Amino acid sequence: MEMIDTLNPKQREAVLHTEGPLLILAGAGSGKTRVLTHRVACLIEERGVNPWNILAITFTNKAAGEMRERVDRLVKAGAGSVWVSTFHSLCVRILRRFIEYLGYENNFTIYDADDQKMLMKQVIKNLNLDPKQYRERSMMSIISKAKNELIGTEEFRKNSQGDWNLRKAADVYEAYQGELKKNNALDFDDLIFKTVDLFRVNGEVLDYYQERFRYIMVDEYQDTNTAQFELIALLARKYGNLCVVGDDDQSIYKFRGADIGNILNFEETFPGTKVIKLEQNYRSTAHILDAANAVICNNRGRKQKTLWTANEEGPLVMFRQYGQAFEEAEGVIQDILAQGRSYRDFAVLYRTNAQSRLMEEKCISYNIPYRLVGGVNFYQRKEIKDILCYLKTIANGRDDLAVQRIINVPKRGIGTSSIGKIVAWAGEQGLSFYQSCVQAASIPGMGKAAGKIQGFVSQIEDFARRNQAWELGMQEDEAFKTNGRYGLPGLIRDIVEETGYGKELEAEGEEEAKARLENIDELINKAASYCTDSENPNLNGFLEEVSLVADVDRMDDSEDRVTLMTLHSAKGLEFPVVYLSGMEDGLFPSSMSIMSEDPTDIEEERRLCYVGITRARERLTMTAAQMRMTKGETHYSKVSRFVEEIPQELVDLIRPGVRANAYASQTAKYTEKQFGTPKQFKPAAGGGTPGFGREFTIKKAAALEYGAGDRVRHGRFGEGTVQSVVDGARDFEVAVEFDRYGVKKMFASVAKLEKL
DNA sequence: CGTGGCATAGTTTTT
DNA sequence: CTATGCCACG
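What you are looking at is a predicted structure, and each value in this text was computed from that prediction instead of being measured.

Rules used throughout
The residue numbers shown here count from 1 along each chain, following its written sequence. Chain letters start at A and ligand numbers start at 1, both assigned in the order the entries are written. This being a predicted model, a pLDDT of at least 70 is required before a residue's local features are given, and a value of 80 or more before pairs of side-chain atoms are given or counted; all residues contribute to the totals for chains, interfaces and linings. Hydrogens and water are ignored here; the side-chain numbers use all heavy atoms of the structure. Starting at the N terminus, helices and strands are each numbered in turn, a helix being any DSSP run of H or I of at least four residues and a strand any DSSP run of E of at least two. Using a 1.4 Å probe on the protein chains alone, a residue whose accessible area is under 20% of its type maximum counts as buried, one over 50% counts as exposed, and one in between counts as partly exposed. By definition, residues are in contact when any of their heavy atoms lie within 4.5 Å. Nearness is judged by heavy atoms alone; a residue qualifies as near a molecule or strand once a single heavy atom is within 4 Å of it. Counting of polar contacts relies on pairs of N or O atoms within 3.5 Å, with two restrictions inside protein: one atom must be capable of donating a hydrogen and the other of accepting it, and residues adjacent in sequence are counted only when both atoms are side-chain atoms. Any residue outside Ala, Val, Leu, Ile, Met, Phe, Trp, Tyr, Cys, Pro, Asp, Glu, Lys and Arg is labelled polar, Gly included; the first ten of those are nonpolar and the last four are charged. Working definition: rings of Phe, Tyr and Trp (its six-membered ring) pair if their centres are within 6.5 Å, and the pair is stacked with planes under 30 degrees apart, edge-to-face with planes over 60 apart, and tilted otherwise. Angles here are taken between N-to-C directions and fall from 0 to 180 degrees, while the axes themselves are lines fitted to C-alpha atoms, restricted in helices to the stretch in contact. Each angle receives one of four descriptions, namely roughly parallel if under 35 degrees, roughly antiparallel if over 145, roughly perpendicular if within 65 to 115, and oblique otherwise. A pocket, in this scheme, is an open set of points on a 1 Å grid over the protein atoms alone with protein on both sides within 12 Å along at least 5 of 7 lines, while a cavity is a set where a 1.4 Å probe fits but cannot get out; residues line either one if an atom lies within 4 Å of a point. Grid points are joined across faces, edges and corners, and a volume is the space filled by probe spheres set on the points. By the definition used in this description, the sense in which the near helix is turned from the far one sets the handedness, with an anticlockwise turn below a right angle giving left-handed and a clockwise turn giving right-handed. The rule for pairing is simple: two strands pair if DSSP sees at least two bridges between them. Whenever a carboxyl oxygen of Asp or Glu lies within 4 Å of a side-chain nitrogen of Lys or Arg, that contact is scored as a salt bridge. Per residue, pLDDT captures the predictor's confidence, and it can take any value from 0 to 100. Multiplying 1.5 Å by the helix residue count minus one yields the expected span of that helix. As used here, the arc belongs to the directions running from the helix axis to the C-beta atoms. Residues form patches when they are more than 30% accessible in relative terms and have no salt bridge. Like charges link within 9 Å. Nonpolar side chains (Val, Leu, Ile, Met, Phe, Trp, Tyr) link within 5 Å. To be clear on the numbers: accessible area is Shrake-Rupley with a 1.4 Å probe, and residue cover counts the displayed protein chains and nothing else. His is not counted here, nor are the chain ends, while Lys and Arg score as positive and Asp and Glu score as negative. By convention, the point assigned to a charge is CZ for Arg, NZ for Lys, CD for Glu and CG for Asp. Nonpolar cores are built from buried Ala, Val, Leu, Ile, Met, Phe, Trp, Tyr and Cys residues. Side-chain atoms within 4.5 Å join them into one set.

## Thoughts on the side chain of Arg 606
Then, number 1: For Arg 606, the position within the fold is in helix α30 (residues 600-613).
Then, number 2: The class for Arg 606 is buried, based on a relative accessible area of 7%.
Then, number 3: When near neighbours in sequence (up to four residues on either side) are disregarded, Arg 606 contacts Val 295, Ile 296, Asn 298, Asn 299, Phe 642 and Glu 645.

## What to know about the protein's contact with DNA strand B
Then, number 1: Taken together, the neighbourhood of DNA strand B is formed by 26 residues, with Phe 59, Arg 351, Gly 415, Ser 417 and Met 592 sitting nearest.
Then, number 2: In DNA strand B, atoms within 4 Å of the protein come 67% from sugar and phosphate.
Then, number 3: Arg 135 is positioned such that a nitrogen or oxygen atom in its side chain is 3.3 Å from a phosphate oxygen of DNA strand B.
Then, number 4: The backbone of Asn 353 places a nitrogen or oxygen atom 2.9 Å from a phosphate oxygen of DNA strand B.
Then, number 5: Mapped onto the surface near DNA strand B, the elements with two or more residues apiece are α19 (416-429) and α28 (567-570).
Then, number 6: Grouping the amino acids of the surface near DNA strand B by side-chain chemistry returns seven nonpolar, eleven polar and eight charged.

## A short note on the packing of aromatic side chains
Then, number 1: Using the criterion set out here, one finds 16 aromatic pairs in the structure.
Then, number 2: A ring pair is formed by Phe 156 and Tyr 173, whose centres lie 5.5 Å apart and whose planes are at 90°; its orientation type is edge-to-face. Note that Phe 156 is positioned in helix α7 (residues 153-159) and Tyr 173 in helix α8 (residues 164-182), a separation of 17 residues in sequence.
Then, number 3: What makes Tyr 173 buried here is its relative accessible area of 2%.
Then, number 4: Taken together through their ring pairs, the aromatic side chains of Trp 83, Phe 98, Tyr 101, Phe 199, Tyr 208, Tyr 209 and Phe 213 make up a single cluster.

## Notes on the packing of helix α5 (residues 113-126) against helix α6 (residues 136-148)
Then, number 1: Contact geometry for α5 and α6: axes closest at 9 Å, N-to-C directions at 110°. Classified by the angle between their axes, α5 and α6 sit roughly perpendicular to one another. Each of Ala 113, Gln 116, Lys 117, Met 120, Lys 121 and Ile 124 in α5 lies in contact with α6, whose residues at this interface are Glu 136, Met 139, Met 140 and Ile 143.
Then, number 2: The residue makeup of the contact of α5 with α6, split by class, is six nonpolar, one polar and three charged.

## Re the layout of surface pockets
Once rolled over the atoms, a probe with the size of a water molecule shows which space is left empty.
Then, number 1: The space that makes up the second largest pocket amounts to roughly 1,700 Å³.
Then, number 2: Around the second largest pocket, the lining comprises 40 residues; the ones closest to its centre are Ser 89, Arg 93, Tyr 530, Ser 534 and Glu 545.
Then, number 3: Counting residues per element, the ones that place at least two in the lining of the second largest pocket are α3 (61-74), β3 (83-86), α4 (87-98), α10 (203-212), α25 (511-533), α26 (539-547) and α27 (551-554).
Then, number 4: The greatest single-element share of the lining of the second largest pocket, amounting to six residues, is contributed by α25.
Then, number 5: In terms of residue class, the lining of the second largest pocket is made up of 13 nonpolar, 14 polar and 13 charged.

## What to know about the packing of helix α17 (residues 382-395) against α26
Then, number 1: Axis separation between α17 and α26 bottoms out at 10 Å; the angle between their running directions is 140°. Here α26 runs oblique to α17, going by the angle between their axes. Crossing geometry of α17 relative to α26 is assigned as left-handed. Here Leu 388, Leu 391, Lys 392, Ile 394 and Ala 395 of α17 come into contact with α26, specifically with Leu 539, Asn 540, Phe 542, Leu 543 and Val 546.
Then, number 2: Here the residues of the contact of α17 with α26 sort into eight nonpolar, one polar and one charged.

## A short note on the sheet that holds β3
Then, number 1: Judged by pairing direction, the sheet is parallel, and its six strands sit side by side in the order β3-β2-β6-β7-β1-β8 without closing on themselves. Two strands bound the open sheet, and with one partner strand each, they are β3 and β8 (274-278). Across the sheet, the mean angle from the axis of one strand to that of its neighbour is 15°, orientation sign disregarded.
Then, number 2: Two elements, strand β2 (residues 54-58) and β3, share four bridges in a ladder whose sense is parallel. What sits directly across from Thr 58, in β3, is Thr 86.
Then, number 3: Set on the sheet, α4 makes contact with β2, β3 and β6 (215-218); between it and β3 the angle comes to about 110°.
Then, number 4: Of the strands in this sheet, β2, β6 and β7 (242-246) are in contact with helix α11 (residues 226-236), which crosses β6 at around 160°.

## Thoughts on the pattern of salt bridges
Then, number 1: Under the counting rule described, the total for this entry stands at 56 salt bridges.
Then, number 2: The residue Lys 526 makes a salt bridge to Glu 545 at a minimum N-O spacing of 3.8 Å. Placement of Lys 526 in helix α25 and of Glu 545 in helix α26 is noted, with a sequence separation of 19 residues between them.
Then, number 3: For Lys 526, a relative accessible area of 25% puts it in the partly exposed group.
Then, number 4: Salt bridges here are not isolated pairs; linked through shared partners, they connect Lys 32, Asp 219, Glu 220, Asp 223 and Lys 571.

## Focus on the confidence of the model for chain A
Atomic detail in the predicted coordinates should be set aside for any region of low pLDDT.
Then, number 1: Here chain A averages 84 in pLDDT, while 89% of its residues score no lower than 70.
Then, number 2: Scored below 50 in pLDDT, residues 479-484 makes 15 contacts in the model with residues more than four places away or belonging to other chains.
Then, number 3: Taken as a whole, residues 659-699 scores under 50 in pLDDT and shows 75 contacts with residues more than four places along the chain or in a different chain.

## Focus: α19
Then, number 1: In this model α19 runs 20 Å from its N-terminal to its C-terminal C-alpha over 14 residues, within 8% of the 20 Å that 1.5 Å per residue would give.
Then, number 2: When α19 is considered as a whole, its buried residues turn out to be Ser 418, Ile 419, Ile 422, Trp 425 and Ala 426. Looking down the long axis of α19, one finds its buried residues gathered within 120° of arc, a one-sided arrangement. Among the exposed residues of α19, those oriented more than 90 degrees off its buried face are Thr 416, Ser 417, Gly 427 and Glu 428.
Then, number 3: Positioned one or two residues after α19, Gly 430 has a phi angle of 65°, which is positive.

## Focus: the side chain of Glu 645
Then, number 1: As for its placement among the helices and strands, Glu 645 is situated in the loop between α31 (641-644) and β18 (651-655).
Then, number 2: Here Asn 298 takes part through its side chain, which lies 3.1 Å from a polar atom of the side chain of Glu 645.
Then, number 3: Setting aside its immediate chain neighbours within four residues, Glu 645 contacts Ala 294, Val 295, Asn 298 and Arg 606.

## Observations concerning the environment of Ile 654
Then, number 1: Tracing the backbone shows Ile 654 in strand β18.
Then, number 2: Relative accessible area serves as the criterion here: at 18%, Ile 654 is assigned to the buried category.
Then, number 3: Residues Ile 654 and Gln 116 lie 538 residues apart in sequence; the distance between their C-alpha atoms is 46 Å.

## Re the protein's contact with DNA strand C
Then, number 1: Neighbouring DNA strand C are the residues Lys 121, Arg 357 and Gly 632.
Then, number 2: Contact distances for DNA strand C include 3.4 Å between a phosphate oxygen and a side-chain N or O atom of Arg 357.

## Some words on a positive patch on the surface
Then, number 1: A cluster of basic residues, Lys 117, Lys 121, Lys 125 and Arg 137, forms a positive patch at the surface.
Then, number 2: Looking at which element gives the most residues to the positive patch, the answer is α5, with three residues.
Then, number 3: Tracing the sequence through the fold places Lys 117 in helix α5.

## A word on helix α2 (residues 32-45)
Then, number 1: Counted at 1.5 Å a residue, the expected span for α2 with its 14 residues is 20 Å, and the 20 Å between its end C-alpha atoms agrees.
Then, number 2: Burial within α2 is extensive, with twelve of its 14 residues counted as buried.
Then, number 3: Along α2, the positions that sit buried rather than exposed are Lys 32, Arg 34, Val 35, Leu 36, Thr 37, His 38, Arg 39, Val 40, Ala 41, Cys 42, Leu 43 and Ile 44.

## Examining the nonpolar core
Most often, soluble globular proteins have nonpolar side chains that are buried together.
Then, number 1: Core analysis: the largest hydrophobic core is formed by 52 residues, its most contacted members being Leu 388, Leu 391, Leu 488, Leu 523 and Phe 542.
Then, number 2: Per-element accounting of this core gives the leading share, eight residues, to helix α21 (residues 449-476).
Then, number 3: Excluding its chain neighbours within four sequence positions, the residues that come into contact with Leu 391 are Leu 491, Ile 492, Ile 495, Leu 539, Phe 542 and Leu 543.

What follows is the structure in structure tokens.
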């Protein structure tokens, strides 16, 4: 396994430790994906593990895709059998096979946040609760929290004794689950919850998957919630080969139920755990990393570790404060233009999606191509949801929500009163909404609307017939697969045309309608590529794939564009040049976290800041505005406390009325007096080696003039004693105990140590 | 039954 | 400020 030579000792250790529980604490940019992929390779090629028995879990499809690709490249045979998947798609696959044990049908549909909201609204209405007092939002978050904690309806009710409000919430929870079940639907949290449920209820199914997944790896472990933890723990219980990779400093999803305790207590939970820390960062310049460390070390309750790098110092971190928020946006955009590098090298990050607007406007006015991640998800757009609801109705008439959404879109003259009658009839007869539609003629008092409803039903039936013909035909005939005759794209086109949906949009004639039609075209393209890429394309498979995509997943980096996104979306990504905008107290950290009684709320924000800083490879600029409009009011804010936490000497700062560190213009240079020998910072050429962090050119010396025990001097860390010298493949790796900075490891050629 | 106008609430972050 | 939702009128 020659590729092992390219790993550093710690990485190598992590790769070779294949048996038993393993916790890899991987700092930002320390090459964890590399370790994971090599570990898979090691399992298969060195340990003789059947690829079929390996499971790698990630949080996003994008991460899963990247890992899949790299495993395929690394492993010659059998890589395809390794199961690389997100938590959610793993669970969907399991549930599609075995959910009948829980009383659902295996063609269940998956509800997204919008669907949940609609359903919740109905539930609150049905229970005759005051919608002012019981908001969908807060009810949903209570239920979501419960599910993430694996608290089912009965247990929730038990816990709610004594608290009137909680008892009401228990009613809502129960009714909500009842509706979901009636619709044969699961929400996102259910996917995990029900899978754990399944494993607990049915020992055979659990055993089957325990046998199947003898080696389990989990990425971004710090962001797992209780349900996910339990899922993994159950699966790993039999063989105990569980390897988790994470960084407690990058835990940023507490609001979604992520429990940082899962990583902090891993060693206690899994006795005999081997812990390996990856502390060498290959991504960022020393200045960027120092800034990140300076910020994060203000947090308590973290695993002690210090990220270090052998990379160049790089330019100072820049901080710019502007007057108005639009001036901030303007400043960022002009800075981007002034650097004259590829647009794809830049990312502008912010705390809240609302901030994207100003940046977008400036990009448009300066004609800068940009890619917006997040905000309104493609699949949440009205027209896309409409079409998808047609498809859902065709696939599974039991999804009442979907049917109700489209029954009068486009206008068929079926109004709220008719729909009310259908719902009532369905309730009386114990039918689904759609079944009730089928019987429209027998519903009392329906009148003229009955014919219209029947028209709708026969249209759906017609589509369903065509789809069935395609799905059956496809299995016998390869040509069907590639949309040669009909297929999914054809079905969507027919829906748009035959229902009059397209006509209705065209009739509007507005700019917006045109954009909608284009979006539908994009959906058709998506369907076409699904049909070609998928082994066994079918309608349900398509709906499933579509319901599990996040926005980052769709981020294609082939085009040369500036990336705009939230700090949360940026996790796991890296860019040569990063802007952290809106560095204002009250915005980042958010006022919620500042007001909060719980001091760990601020710590979560700080971790978010740490994530943001460590996305940058070469150049980091933080910006803030003194004034910003929110809810129609101008707010004045102070500079974010996180900025203040960065030592002054690391920052090139400009703010109205204040100057420090002799402003050094766009191409930062840095002051000799502070850092000793100035180094020429040369940004590596854009689009370098894909995937793994940038490394600056290293020339290995033939031999070193110093050895263990010698006193040496370093440009930045001062004097120290050499602890060890390891002759690595590419360079000597030297560990030095500095008098003032503690132990640091570094590459000899980069560190340029001077023997005393 | 559909539309247009007005009132109100809302901002964290998302698989 | 903006998006959504509700109500009243045609």
